[in-house]
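A structural walkthrough
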Amino acid sequence: MFNEELIAARLGIIQSAIRRLQLLARLPREQFLQDEDAVDIAENRLRRALEALFDLGRHLVVKSGLGVPQDYRAIIEKLKDGQILPADFARQIMGMAGYRNRLVHEYNKVTPEELYEILQTRLGDFTLFCQHIVNYLERR
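Below is a summary of the structure that appears in this document. If you're wondering where the values come from, they're calculated on a predicted model, not measured in any experiment.

Attention shifts here to the nonpolar core. Formed by 49 residues in total, the largest nonpolar core has its most connected members in Phe32, Leu46 and Phe129. Elements with a contribution of two residues or more to this core: α1 (4-25), α2 (29-34), α3 (36-63), α4 (72-81), α5 (87-93), α6 (95-105), α7 (112-121) and α8 (123-139). In terms of residue count, α3 provides more of this core than any other element does, 12 residues in total. For Phe32, the contacting residues outside a window of four places in its chain are Leu24, Leu27, Ala38, Val39, Ala42, Pro112, Leu115, Tyr116 and Leu119.

Put into structure tokens, the structure is as follows:
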């Protein structure tokens, strides 16, 4: 049985983070790179969105009877295997598992440039993830 409160809360965290990140993505590159607060907010919100994404994914995997994933990549793999995420999208978002680890464990190596690149190219992945999850829940 899915925990609907957990699902709604995690989707809310992802959506809130993405709204804030989309605002930061509108900043010109040089302005973003020079604004320490913008960089800090981007890093924090990106980490929060990823944590919520993987928490939600783990919950759906376990409660769908797909096993217990051993790491973040396995969460995405099992979401694909359980047809919760389409295979092409799972391949597309798989790298974000490694980026979550970079934000948490190698935070000292995260650069403003890479954060800006993610703001420009990857925010849509979070929106698609949420859509795929909602679609899956509606199908059940």
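Picking up after the structure, the text goes on.
Our next topic: the pattern of salt bridges. In total, this model carries nine salt bridges according to the counting rule given. In this structure, Arg58 and Asp55 form a salt bridge, with 3.3 Å as the shortest nitrogen-oxygen distance. Highlighted residues: Arg58 and Asp55, both in helix α3, separated by three residues, approximately one helical turn. When its relative accessible area of 31% is taken as the criterion, Arg58 is described as partly exposed. Given a relative accessible area of 27%, Asp55 falls into the partly exposed group. Its salt-bridge partner being Lys80, residue Glu77 comes within 3.0 Å of it at the nearest N-O pair. Here Lys80 and Glu77 lie together in helix α4, a separation of three residues that amounts to about one turn. Of the residues examined, Glu77 reaches a relative accessible area of 32% and is grouped as partly exposed. Salt bridges linked by common partners bring Arg10, Asp55 and Arg58 together as one network.

Cut-off values and rules
Note on numbering: residues in each chain are counted from 1, in written sequence order. Owing to the predicted nature of the model, reporting of local features is limited to residues with pLDDT of at least 70; listing and counting of side-chain atom pairs is limited to 80 or more, with chain, interface and lining totals taken over all residues. The basis for the side-chain values is all heavy atoms of the structure; hydrogens and waters are excluded. Nonpolar cores are built from buried Ala, Val, Leu, Ile, Met, Phe, Trp, Tyr and Cys residues. Side-chain atoms within 4.5 Å join them into one set. Partly exposed describes any residue whose relative accessible area lies between the buried limit of under 20% and the exposed limit of over 50%, with all areas from a 1.4 Å probe on protein chains only and scaled to the type maximum. Secondary structure elements follow DSSP: runs of H or I no shorter than four residues count as helices, runs of E no shorter than two count as strands, and numbering proceeds from the N terminus. Contacts are assigned to residue pairs that have any heavy atoms within 4.5 Å of one another. Just to be clear on terms, a salt bridge is a Lys or Arg side-chain nitrogen sitting within 4 Å of an Asp or Glu carboxyl oxygen.

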